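# Survey of secondary and tertiary structure
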Amino acid sequence: MSTVRESDHVDGAALSAEDVSFAVGMAQLLEAVSLEVRPGTLLGLIGPNGAGKSTLLKCISQLLAPTVGRVTLDDEDLRGRSPQEIARHIALLPQSTTLNFAFTCLEVVLMGRNPHLGRFQAEGARDHAIAQQSMVNTDSAEFVTRLITEVSAGERQRVLLARALTQQPRLLLLDEPTAGLDVQHQLQVFTLIRDLVGQGLTAIAVVHDLNLAARYCDRLVLLDRGKVHARGRVRDVLTPENLASVFRVEATVEEDPVLGMPRVTVLAALDGARDSAGDATGNR
């Protein structure tokens, strides 16, 4: 994947979520979750399955309306904003996207320009240039004329990331952005995100692989049963005590001698481990 050019600048936005709660019937999926993310920061959301990570991203993007609390972008409340207005500033790469129509991959990526176009307005030369550059950046340019229904799951993920980047968001939300990708493209996707963050973008990513989170994220929020269990610097969140309490695993956290950052090694599941929880390296 190509890196973002040094001359490029991304106008990131400051994100604040204040006491966000979300419930469906009697099920409390999020409870009083608060976080702040400054421009030029990659925040990692970690936690076992069912902890509320994806729900939190949907509340931030206003796909779900928080039951309680509010979300602001540069101190402006997002409540009541139209989906198109929000999409001009926030792009969400979900866990899964259903695309059963025979669009070409370029047509899918160009959908990212829709929030910036007027009604019935066709994409222009600039829109095509932005889309094609996004495909180059995500190593998906070779799929320009391929149908989205004919590419592999990992290739589709790269195309969908290109679509999100084509929105030119100020806040990028990623729900397991490396799902279905091989090791090479996992590293390339996170390297690209880091490049964008280095140019000022604000990003929040759900990450199951804790060693990827440790390597690429600036700060972490550890969720458990819809609540914030820990937040802060990577070293302060990735501790054996937190991993035991939330993931129900015995693990060591050591300094990686090559990368100079925490490295998590899972040794065993603890008694009473939750069936739905993945282990600290993203395996289930």
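As shown above, the structure is provided for reference.
A brief structural summary. Bear in mind that the values here come from a model prediction, so they are computed numbers and not experimental data.

What you tend to see is this: most non-glycine residues have negative phi, and most peptide bonds are trans. With a phi angle near 70°, glutamine 62 is a residue other than glycine that sits in the positive phi range. Residue position: glutamine 62 is located in the loop between helix H1 (53-60) and strand S4 (68-73). We note that arginine 225 has phi near 55°; this positive angle belongs to a residue other than glycine. Residue position: arginine 225 is located in the loop between strand S9 (219-224) and strand S10 (227-233).

Take the sheet that holds S10 next. Strand pairing in a sheet is mediated by backbone hydrogen bonds. Such pairs are either parallel or antiparallel. Read from one edge of the open sheet, six strands run S6-S7-S8-S3-S9-S10, paired in mixed fashion. Strand pairing shows two members of the sheet lacking a second neighbour, strand S6 (90-93) and S10, which therefore form its edges. Across the sheet, the mean angle separating the axes of adjacent strands is 15° when strand polarity is ignored. Relative to S9, strand S3 (residues 42-46) runs parallel, the two being bridged by four bridges. Residue leucine 43 lies in a different strand from S9, and its bridge partner there is arginine 219. Along the sheet, helix H5 (residues 153-166) contacts S6 and strand S7 (171-175); its crossing angle with S6, the most-contacted strand, is approximately 170°.

Our focus in this paragraph is the sheet that holds S4. Read across the sheet, four strands follow the order S2-S1-S4-S5 without closing on themselves; strand pairing throughout is antiparallel. Each of the sheet's edge strands pairs with one partner strand only, and the pair in question is strand S2 (27-37) and strand S5 (76-77). Both strand S1 (residues 15-24) and S2 contribute to a ladder of seven bridges, which runs antiparallel. Looking at the pairing, serine 16 lines up with glutamate 36 of S2. Where H1 meets the sheet, its contacts fall on S1, S2 and S4, and the angle it forms with S2 comes to roughly 65°.

The next subject is the packing of aromatic side chains. If you walk through the whole model with that rule in mind, you get two aromatic pairs. Summarising the aromatic geometry, the rings of phenylalanine 190 and tyrosine 216 are spaced 5.2 Å apart at their centres and angled 20° between planes, so their arrangement reads as stacked. Placement of phenylalanine 190 in helix H6 (residues 183-198) and of tyrosine 216 in helix H7 (residues 210-216) is noted, with a sequence separation of 26 residues between them. Each member of the pair, phenylalanine 190 together with tyrosine 216, is buried.

Right, let's talk about the packing of H5 against H6 for a bit. At their nearest, the axes of H5 and H6 sit 12 Å apart, and the two run at 10° to each other. The angle between H5 and H6 falls in the class roughly parallel. Together, Arg158, Leu161 and Leu165 of H5 and His185, Val189, Leu192 and Leu196 of H6 make up the contact between the two elements. Classifying every residue of the contact of H5 with H6 by side-chain character gives five nonpolar, one polar and one charged.

Calculation rules
- Residues numbered from 1 in each chain as written.
- Predicted model: local features only at pLDDT ≥ 70, side-chain atom pairs only at ≥ 80, totals over all residues.
- Heavy atoms only, no water.
- Helix = DSSP H or I, 4+ residues; strand = E, 2+ residues; numbered from the N terminus.
- Pairing = 2+ DSSP bridges.
- Axes fitted to C-alpha atoms, helices over the stretch in contact; angles between N-to-C directions.
- Contact = heavy atoms within 4.5 Å.
- Phe/Tyr/Trp six-rings, centres within 6.5 Å; stacked < 30°, edge-to-face > 60°.
- Buried < 20%, exposed > 50% of the residue type's maximum accessible area, 1.4 Å probe, protein only.
- Parallel < 35°, antiparallel > 145°, perpendicular 65-115°, else oblique.
- Nonpolar A, V, L, I, M, F, W, Y, C, P; charged D, E, K, R; others polar.

Purely spatial values, then, with no claim about function.
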